[in-house]
Amino acid sequence: MTTQNPNPACLCRSYSFEVPVHEDISGDKVWQLKATGCAATTQNRFAPGHDAKLRSLIIQAGVGGHQVRRTERDTVVAKDALRVAADLGWEGVVRDAIARGSS
């Protein structure tokens, strides 16, 4: 018998962004998905250290000028990296890191 984990998924798994790689011979745009790769569950919003993983992902998106997507069930919301950081309470730290060009 399998028991279900009562803990919700770590919040960092909901976020991602896409980086354009190239256009193929037929003119289709090819993108690379960037995400935390998280599969953790937790009693909190984030598994230990995963807030830092997400902050780094948001900074990478901001440095590259990419929109950050948050996927929740069948809904996807895309925002500027600084808006996502502000929603999470990290705007100052993320803004400074983006200005430096590093995560």
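See the structure shown above.
Thresholds applied
Residues numbered from 1 in each chain as written. Predicted model: local features only at pLDDT ≥ 70, side-chain atom pairs only at ≥ 80, totals over all residues. Heavy atoms only, no water. 1 Å grid on protein atoms, 1.4 Å probe; cavity = no way out; pocket = protein on both sides within 12 Å on 5 of 7 lines; lining within 4 Å. Points joined across faces, edges and corners; volume = space filled by probe spheres on them. Helix = DSSP H or I, 4+ residues; strand = E, 2+ residues; numbered from the N terminus. Nonpolar A, V, L, I, M, F, W, Y, C, P; charged D, E, K, R; others polar. Salt bridge = Lys/Arg side-chain N within 4 Å of Asp/Glu carboxyl O. Buried < 20%, exposed > 50% of the residue type's maximum accessible area, 1.4 Å probe, protein only. Pairing = 2+ DSSP bridges. Axes fitted to C-alpha atoms, helices over the stretch in contact; angles between N-to-C directions.

**Overview of the layout of surface pockets**
Looking at the largest pocket, its volume works out to about 170 Å³. What lines the largest pocket is Leu11, Tyr15, Val68, Arg70, Glu72, Thr75, Val77, Lys79, Val84 and Asp87. Looking at the lining of the largest pocket, the elements that each hand over two or more residues are β3 (68-72), β4 (75-79) and α2 (81-88). Each residue belonging to the lining of the largest pocket can be placed in one class, and the counts come to five nonpolar, one polar and four charged.

**Details of the pattern of salt bridges**
For the structure on display, the rule yields five salt bridges. Across the salt bridge formed by Asp51 and Arg55, the nearest N and O atoms sit 3.9 Å from each other. Remark: Arg55 and Asp51 occur in helix α1 (residues 50-64); sequence separation between them is four residues, near one turn of the helix. Given the relative accessible area of 29%, Asp51 is considered partly exposed.

**Considering unusual backbone geometry**
You will see that Arg73, though not glycine, has its phi angle at about 55°, which is positive. Within the secondary structure, Arg73 is located in the loop between β3 and β4. Residue Arg73 is classed as exposed on the basis of its relative accessible area of 79%.

**Examining the sheet that holds β4**
Spatial strand order, β2-β1-β3-β4: four strands in an open sheet with antiparallel pairing. Strands with a single pairing partner mark the edges of an open sheet, and in this sheet they are β2 (29-35) and β4. With strand direction ignored, the average angle separating the axes of adjacent strands in the sheet is 35°. As paired strands, strand β1 (residues 15-23) and β3 are joined by two bridges and run antiparallel to one another. The partner of Tyr15 across the bridge, within β3, is Arg70.

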